[in-house]
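Chains, contacts and geometry: an overview
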Amino acid sequence: MELRVIPRTPAGRTASAGLGRPAALVALVLGSGALALLCQWPALRSIPAQATLNTLVTMSYAATAGVGARSPGRRGTGPSLLLGAGLAWSATWAGFWEVGPIPALAFEVQPVFWILLLGAVLEYPTGRITERTERIFMAAVLVILPALLTANILTSRASWKAYHSDVWWPGVFPDRDAANVITVLTAAAALGLTGAFIVLLRQRLRRLPMVDRRVQGPTGLALAAAGICAFLTTVLGSHHAARCANPFYLAMAVALLGMPISIGIGELRRQLVRAAAAETLARLASPPTVESVQLALIEALGDETMTVLYRVPNPDSPDGPPADGTAVYVDGAGTPRHPPTAADRLLVPVTSGTGDEVALLVTDGALRRHEDLVGAALATAGFALENARLQAVLQYRLAAVRDSRTRIVETALAERRRLEQDLHDGAQQRLLAVAARIGIARIHAGEQTTAIDEASAELTAALGELRTLARGIYPAVLGEAGLAVALDAAMEDFPIPVAVEVAGDRFDAATETAAYLTVIDILTHAADRAGATRGTVRSWHQDNGLWLQIEHNGRAAGDGLLSAVDDRLRALDGALEPAPPRGAAPRAAPVGMDDPVVVTARIPCV
C-alpha cells in the first residue's frame, strides 16, 4: 500500500528563503574570513595560531548562519545573531592595530560578542526566547557585561591593558584599585552568568525533543566551556594585546569552534534520518503490533509524548457516525479519542494511495521544524501502521459488541423489573381483592361454604404461584437488599433444602441479577428434572470478579441449559468456568453429597 504523509501546519507559514544559492553561501564565508583577517592582521605575526583559530571561528559561524537561514522552518534572528557573533569575535582582536580609538573599541566589542552569541543559542531552535527565566538572563547579560567593561575602561589606562602608553584610551578616572575591584567583579559576573547559563541549558534540554537536544546539548556545553575560559582569563589578568600566545584564549577559541561543529553534526544527523528511521522500523516484529509500532516511532522521532490515533472506517455506534461528518479516531487499545487542539501539538495525517486516512500522528509541535524527519519515519512505517490500524479497529469493534451485549442485558433486566412490578401492582392486587370478596361471601353463606372453601384454596395457590413467578422474573428484594438476602428469601420455600453461603457485599444491578438468575436456573433444573434432594450455593470476590459455586446431588444439566446460562454471563464478559480460579480456598464436599454436580460461574465486577 502506498502511503502519503500530509503534515498539518499552521496557515500562512512559509520556510525562510535564506541564501538561495550555494555561491552566496561561499561568498558569505569568504567575506567573513577576509574581515577576520583584516581585524587581526597585526596579530598574525605575533600569535599566528590564535589568529588562525579566530579566523576559523568567524568563518564557521558565517557558514552555520548561512546554512541555518536556508533550513526549512527556521525562524527568528538566530542566524543573523550567530553571524554577528562570529564577526564580533574577530573584532575583539583588532586592538593589535594600536591605531586611534581601535583598541578601545575592540575592548568594548567583547560584551557585544557575548550578547550576540548567547542570544543566538537561546533562540535556537524556535527562533525566539520564550521562557521568562531566559529573558531575565538575557536582560542581566545586556546590563551587567557592558556596564562592567565600560567601567573597566574608564578607570584604567592603555598600558594596564598591555597597549602602548601613547594609544588613545578613554580612561577619564584612572584608578588602579578601582580597576582591580572591577576586574574581580567582572570575573565573578563571568562565572555567575556561566553557571546560570548551564542551569538554563539543563532546563531547556528537558523541554526539547530529542532531535533538537542532540544539537543544543553539545552547543551549550561548548559555550559553557568558553565562558569558563573567559572567567579564567579575567582572573589571571590576561589581555588581547599581550604579544604572546595565551592557552586560555586558545582554549576559548577551540570551545567556540566546537559550537558550529556540533550544529553541523546535528544537521547531518537530521539529513540521515531516513536511514535511521528505516533501521529502527526494520526491527519491528512480524506482524507488527500496536505497541511495537508506537515504540519504534517514539525512538525514530525522539518524542516520548508521541501517540498514534487510528482512523475508524465507517464507525458503527449506537448513534451512528457523527452527524457533522467528523472522523472517529481510536488509540492502540481501541478506545475512542479526540485529536488534541492545543497549538503545541503537531497533527500529521497519514493517508493511503487511494486518499483514505489511515492514522493521525500526534507529536510535539517542535517537530514542525523537522517535517522531513516525520515524513521519512511515517513513510517507512506505512505498512506497519496499516497493520496496527487493523488491530486497533478490531479492538474498537469488539468493545462496541461488548457494549451492545451489555445494553441488551440491561434492557432485559429493566423489562424484568417492569413485569415484576406489573404483576405485583396488577394481577396480584386483583387476586387479593377477589380473596377478600370470597371471605365476605363465606360469612354470608352460612354453613354452605364447601364450594367457597375450594375456590379460596385455589385462589391461595394461584397467589403463591404468582409470587413465585414474580420472584423468578425479578425479586424486588434483590434491588433493595442485595444478592445474599434475595437468595435467602428464595430458598425459604424452595422445593429442596439449599445452604446459602453468600456474603452481603453489594454489586451493580446487572451483576447481582445475573448471579441470582444463574443460581435459580441451575437449582430449579436440579430440583425439578435432575432428581436433586439438596444443594449449596457459595460466592466470593477474587481477581475483580464475583465467583459462584453451585452444587447439588442430582444429575448434571444438559448442554441446552448450560449454554443459555453461559450466554447470559458472556454478555457481561463472564462465563461458566470448568473449575474455581487458582488461589480459591479449598472446600470439602457438602454433607450428603459424596460426588456432587458442581457448576462454577464468573461475573466481572469492580
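A quick note: this is a predicted structure, and the numbers were derived from the prediction, not measured.

Moving on, we get to the overall build of the protein chain. What the protein chain contains, in helices and strands, is 18 helices and 11 strands. With 606 residues in all, the protein chain has 45% of them scored as buried. Here the contacts in the protein chain between residues at least 6 apart in sequence split such that 71% fall between residues at least 24 apart. Counting only carbon and sulfur atoms, one obtains 60% of the accessible surface of the protein chain, whose full area is about 30000 Å².

If you trace the 5 strands from one edge of the open sheet to the other, you get β7-β8-β9-β11-β10, paired in mixed fashion. With partners counted over all chains shown, the strands left at the sheet margins are β7 (498-501) and β10 (575-577), one partner each. Ignoring strand direction, the axes of neighbouring strands in this sheet form an average angle of 20°. Two strands pair when backbone bridges link them, and β10 and strand β11 (residues 597-604) are joined in this way by 3 bridges, in the antiparallel orientation. Bridged to Leu-576 within β11 is Ala-601. Sheet contacts for helix α18 (residues 559-570): β10 and β11; angle to β10, the most-contacted strand, approximately 120°.

Our next topic: a nonpolar patch on the surface. On the surface, Leu-35, Leu-37, Leu-38, Trp-41, Trp-97, Val-99 and Ile-102 cluster together to form a nonpolar patch covering roughly 650 Å² of accessible area. It is helix α1 (residues 22-46) that provides the largest number of residues to the nonpolar patch, a total of 4 residues. Considering the arrangement of structural elements, one finds Ile-102 in helix α4 (residues 102-123). Take Ile-102: its relative accessible area is 31%, and that puts it in the partly exposed class.

On to the packing of helix α17 (residues 509-528) against α18. One can describe the packing of α17 onto α18 by two numbers: an axis separation of 10 Å at closest approach and a directional angle of 175°. Classed by the angle they form, the pair α17 and α18 counts as roughly antiparallel. Across from Ala-514, Leu-517, Thr-518, Asp-521, Ile-522 and His-525 in α17, the residues of α18 making contact are Leu-561, Leu-562, Val-565, Arg-568 and Leu-569. Among the residues making up the contact of α17 with α18, the classes are represented as 7 nonpolar, 2 polar and 2 charged.

Residues Tyr-61, Trp-89, Phe-113, Leu-117, Phe-137, Met-252 and Leu-256 are the most contacted members of the largest nonpolar core, which totals 40 residues. The greatest single-element share of this core, amounting to 8 residues, is contributed by α4. With 36 residues, the next largest nonpolar core counts Ala-484, Ala-486, Ile-496 and Leu-517 among its residues.

In this section: the pattern of salt bridges. Applying the stated criterion across every chain yields a total of 7 salt bridges. Asp-331 serves as the salt-bridge partner of Arg-337, at 2.9 Å between the closest nitrogen and oxygen. Classification of Arg-337 as partly exposed rests on a relative accessible area of 43%. Residue Glu-512 pairs with Arg-506 through a salt bridge whose shortest N-O separation is 2.8 Å.

This part covers the confidence of the model for the protein chain. Confidence in the prediction of the protein chain, expressed as mean pLDDT, is 78, and 77% of residues score 70 or more. Low pLDDT, under 50, characterises residues 5-20; the stretch is placed with 37 contacts to residues that sit more than four places away or in other chains.

Quick look at the pairing of strand β8 (residues 535-542) now. The buried count for β8 comes to 7 of 8 residues, which makes it a mostly enclosed element. Two elements, β7 and β8, share 4 bridges in a ladder whose sense is parallel. Across the sheet, Val-500 pairs through a bridge with Val-537, a residue of β8. Considered for its hand, the β-α-β crossover made up of β7, α17 and β8 is left-handed. Of the pairings in the sheet, the one linking β8 to strand β9 (residues 545-552) comprises 8 bridges and is antiparallel in character. Within β9, the residue paired with Ser-539 across the bridge is Leu-548. Here β8 folds back onto β9 in antiparallel fashion, the turn holding 2 residues, of which Asp-543 has a positive phi close to 55°.

According to the stated counting rule, one finds 9 aromatic pairs in the structure shown. Between Trp-89 and Trp-93, the ring centres sit 6.0 Å apart and the planes meet at 75°, which makes this aromatic pair edge-to-face. Each of the two residues, Trp-89 as well as Trp-93, counts as buried. Pairing Trp-89 with Phe-113 gives two aromatic rings, centres 5.1 Å apart and planes at 45°, and the pair type is tilted. In this pair, Trp-89 sits in helix α3 (residues 78-91) while Phe-113 sits in helix α4, placing the two residues 24 residues apart along the sequence.

Before going further, it helps to examine unusual backbone geometry. Located in the positive-phi region is Asn-544, a residue other than glycine, with phi close to 55°. By secondary structure assignment, the location of Asn-544 is in the loop between β8 and β9. Residue classification places Asn-544 among the exposed positions, given a relative accessible area of 59%. Notably, Asp-573 is not glycine yet its phi reads approximately 70°, a positive angle. Checked against the element boundaries, Asp-573 lands in the loop between α18 and β10.

Quick notes on the rules
Residues numbered from 1 in each chain as written. Predicted model: local features only at pLDDT ≥ 70, side-chain atom pairs only at ≥ 80, totals over all residues. Heavy atoms only, no water. Helix = DSSP H or I, 4+ residues; strand = E, 2+ residues; numbered from the N terminus. Buried < 20%, exposed > 50% of the residue type's maximum accessible area, 1.4 Å probe, protein only. Contact = heavy atoms within 4.5 Å. Areas by Shrake-Rupley, 256 points an atom, 1.4 Å probe, with all protein chains shown as cover. Pairing = 2+ DSSP bridges. Axes fitted to C-alpha atoms, helices over the stretch in contact; angles between N-to-C directions. Patch = residues over 30% accessible without salt bridge, like charges linked within 9 Å, V, L, I, M, F, W, Y side chains within 5 Å. Salt bridge = Lys/Arg side-chain N within 4 Å of Asp/Glu carboxyl O. Parallel < 35°, antiparallel > 145°, perpendicular 65-115°, else oblique. Nonpolar A, V, L, I, M, F, W, Y, C, P; charged D, E, K, R; others polar. Core = buried A, V, L, I, M, F, W, Y, C linked by side-chain atoms within 4.5 Å. pLDDT = per-residue confidence, 0-100. Right-handed = clockwise from strand over helix to strand, strands pointing away. Phe/Tyr/Trp six-rings, centres within 6.5 Å; stacked < 30°, edge-to-face > 60°.

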